[in-house]
Amino acid sequence: MSAIDTLPPLREVIAAHGLSARKSLGQNFLLDLNLTAKIARAAGDLTGADVLEIGPGPGGLTRGLLAEGARRVLAVEKDTRCLPALEDIAQAYPGRLTVLNADALEIDPLAHLTPPIKIVANLPYNVGTELLIRWLTPAEWPPVWDSLTLMFQREVAERIVARPGSKAYGRLALLAQWRCEAQIVMHLPPSAFTPPPKVSSAVVHVSALPEPRYPADAATLERVVARAFNQRRKMLRAALKGMAPDIEDRLIAAGIKPTDRAETVGLEQFCALARTLDA
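Each chain has its residues counted from 1, running along the sequence as written. Since the coordinates come from a predicted model, pLDDT governs what is reported: local features require at least 70, and pairs of side-chain atoms require 80 or more to be given and counted, while whole-chain, interface and lining totals use all residues. Heavy atoms throughout the structure, all of them, feed into the side-chain values; hydrogens and water do not.

### Observations concerning helix α7 (residues 154–161)
Alright, step 1. Using a 1.4 Å probe on the protein chains alone, a residue whose accessible area is under 20% of its type maximum counts as buried, one over 50% counts as exposed, and one in between counts as partly exposed. Here a strand is any run of E in DSSP of at least two residues, a helix any run of H or I of at least four, and the numbering for each starts at the N terminus. If you check which residues of α7 are buried, you get Val156, Ala157 and Ile160. Viewed end-on, α7 has its buried residues packed into an arc of 100 degrees, placing them on one side of the element. As used here, the arc is the angular range of directions from the helix axis to the C-beta atoms.

Structure representation (structure tokens):
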């Protein structure tokens, strides 16, 4: 019998440690260990890899990652109430789980993990998008991670894999698809969580490409698409006004009509525009 089978069910863990989910921390706990194991498997072969997990809560996904063979898991948890439950898991998997009581936005994973690194998490709703943007836009590529397997609200997940012309297409799609392959690998209903959120969720698997699809500076591209989609109903010459005095000429040079709207412009054109702004 594996160690994960000897640990108590998650509902018992939550009751024993008084771990009611806190809305202020964006917590929704996934208690079905079959589902957490399925998410862990969606990350691919974990043997020989270190795994970064953000917001483990009572440790359901943590247990799945360890049971699926992760070499080492770094679980970053801001909520001190969860630490005793996570320590119980660490004792069941000696030397393979490190729990860090910290804010995920403030840590350096490389200080604790050794490549190859996979990031697997049921992200707290209130920091998920910000963390994703950070992971997608490092100055150097390839990144420190090989893949991201992340749970989001379904609407956010659909924005990551969206195509030009669709309502969901925007900044997340461009930044994810610029240097990665992204796909939705699981859908989960609200009833899978405690407490049930008001929306459905989905798991997205993002694999880093060896090189970007098109050359561009990450910071410049992020700035361009953030500005463009912040005012997506405007023509791009108006939405990007102020980025350069000759923005219309730069749009034309990038193969974009100044009267186009952001949702109609593809990744290649946005990268070309970013290059003109750096020239």
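After that view, the rundown keeps rolling.
### Some details on unusual backbone geometry
Alright, step 1. Cis geometry is adopted by the peptide bond preceding Pro116, which originates at Pro115 and carries an omega value of 0 degrees.
Alright, step 2. The topology assignment puts Pro116 in the loop between β4 (97–100) and β5 (117–122).
Alright, step 3. Put simply, Thr194 and Pro195 share a cis peptide bond, and its omega is -10 degrees.
Alright, step 4. Position of Pro195 relative to the elements: it lies in the loop between β8 (193–194) and β9 (201–208).

### Comments concerning the environment of Ser191
Alright, step 1. Structurally, Ser191 can be placed in the loop between β7 (180–188) and β8.
Alright, step 2. Given the relative accessible area of 66%, Ser191 is considered exposed.
Alright, step 3. Between the C-alpha atom of Ser191 and that of Leu150, which follows or precedes it by 41 residues, the distance is 19 Å.

Take it as geometry only, folks, not as evidence of what the structure does.
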